[in-house]
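Spelled out from the first residue to the last, the chains are:
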There are 2 protein chains.
Amino acid sequence: MTTTQELTKNQSLVFNALARADGPLSAYTILDQLRGDGFRAPLQVYRALDKLLDYGMIHRLESINAFVACSHPHEHHHSHGMIAFAICDTCGQVTEFSDEIITGRVRDWTNSNGFKQSKTTIEIRGVCGNCASA
Amino acid sequence: MTTTQELTKNQSLVFNALARADGPLSAYTILDQLRGDGFRAPLQVYRALDKLLDYGMIHRLESINAFVACSHPHEHHHSHGMIAFAICDTCGQVTEFSDEIITGRVRDWTNSNGFKQSKTTIEIRGVCGNCASA
DNA sequence: TTGACTAATGTAATAACATCACATATCGAA
DNA sequence: TTCGATATGTGATGTTATTACATTAGTCAA
């Protein structure tokens, strides 16, 4: 398995838009950025986003309806830990981290309750260090 | 401070709709349920939901754009722990729990990164024990 | 090559979720 | 009673996401 997925044209366009952005983008923001590349409809973006999510190359931030490129593309987290996101409501910056203990505690809960987890979202909203001190 | 908030008419209607539901409801589902009570516009629902969220009487589930009545109305969690939700994608049932260790780990991370958290979302999606064994 | 299958794409329409802007009403305190 | 704060009513609009259907492109076996 290669590190990088083989992407189609639309998938590459969408991924690059996210990769060059300095923060999360909404699907419609991506659409607008790609109109010059021939994008005309939301579905062109959403289909690409779905695949990129499958491939683990991007993340969806549920609490702000937006998407970011994965900041640790080399670690293949799928196998083990879940990822937490700290989202600054002032500057929009997103920081990604994972924590074995949190992952373990969640797994403990699901195991003891017979709950089969498929995806776990952890999003911390607030103000980042930079913005707080400014 | 009383255990129960003094609610306005619209707030009561919305809260009761959520309290008698056996799972999360979307704002528009609530609207439809309350048309008989004179509700006509989304804003009537959203305004009530905002207040109920403020009061800590309900929760918003970010990953499914829906709302639930708080299942532990007596514990005043605001002070200490954050709440995690396990959401069954099959039956829609939501289970609420809190975990001191997870709360602590998140606080450790925010403290060491100078991040001032205002709200943290933890949502576990999957299939509950009942549905998994069925 | 043809045919058949699968994946990707294009497009319009619509559904689902949420807020803005502005008018009106209610209620308590000065 | 007048003022200010809170709550409400209503229409229009903004934002996010999906459905439905048509078309194109690539793969592979007969």
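Just above, that's the structure.
Everything quoted here is computed from the prediction, not taken from an experiment. (Residues numbered from 1 in each chain as written. Chains lettered and ligands numbered in written order. Predicted model: local features only at pLDDT ≥ 70, side-chain atom pairs only at ≥ 80, totals over all residues. Heavy atoms only, no water.)

1. Observations concerning the overall build of chain A
Part 1 of the argument: If you tally the helices and strands in chain A, you get 5 helices and 5 strands.
Part 2 of the argument: Taken from the N to the C terminus, the helices and strands of chain A come in the order α-α-α-β-β-β-β-α-β-α.
Part 3 of the argument: By principal-axis analysis of the C-alpha atoms, chain A measures approximately 50 × 45 × 25 Å.
Part 4 of the argument: Residue burial in chain A is summarised as follows: out of 134 residues, 40% are buried.
Part 5 of the argument: Element-wise, carbon and sulfur atoms account for 49% of the exposed surface of chain A, whose accessible area totals about 7,300 Å². (Helix = DSSP H or I, 4+ residues; strand = E, 2+ residues; numbered from the N terminus. Buried < 20%, exposed > 50% of the residue type's maximum accessible area, 1.4 Å probe, protein only. Areas by Shrake-Rupley, 256 points an atom, 1.4 Å probe, with all protein chains shown as cover.)

2. What to know about unusual backbone geometry
Part 1 of the argument: Here Asn65(A), not a glycine, exhibits a phi torsion of approximately 50 degrees, which is positive.
Part 2 of the argument: What makes Asn65(A) partly exposed here is its relative accessible area of 43%.

3. A short note on the interface of chain A and chain B
Part 1 of the argument: At the junction of the two partners, chain A supplies 33 residues and chain B supplies 33 residues.
Part 2 of the argument: The largest per-residue losses of area from chain A upon contact with chain B belong to Arg105(A), Trp109(A) and Phe115(A), which jointly make up 22% of the total buried on that side.
Part 3 of the argument: Counting the contacts that link chain A with chain B gives 2 salt bridges.
Part 4 of the argument: A salt bridge links Arg105(A) to Asp99(B), with the shortest nitrogen-to-oxygen separation between them at 2.8 Å. (Contact = heavy atoms within 4.5 Å. Buried area = accessible area lost by both parts, 1.4 Å probe. Salt bridge = Lys/Arg side-chain N within 4 Å of Asp/Glu carboxyl O.)

4. Considerations on the protein's contact with DNA strand D
Part 1 of the argument: What surrounds DNA strand D is a group of 15 residues, the closest being Tyr28(A), Arg60(A), Arg40(B), Gln44(B) and Arg47(B).
Part 2 of the argument: Near the protein, within 4 Å, the atoms of DNA strand D are sugar or phosphate in 45% of cases.
Part 3 of the argument: In this structure, a base nitrogen belonging to DNA strand D sits 2.5 Å away from a side-chain N or O atom of Arg47(B).
Part 4 of the argument: Residue contributions to the surface near DNA strand D peak at 4 residues, all from helix 3 (residues 42-54) of chain B.
Part 5 of the argument: Of the residues contributing to the surface near DNA strand D, the split by class is 5 nonpolar, 5 polar and 5 charged. (Near = heavy atom within 4 Å. Polar contact = N/O pair within 3.5 Å; in protein donor to acceptor, adjacent residues only side chain to side chain. Nonpolar A, V, L, I, M, F, W, Y, C, P; charged D, E, K, R; others polar.)

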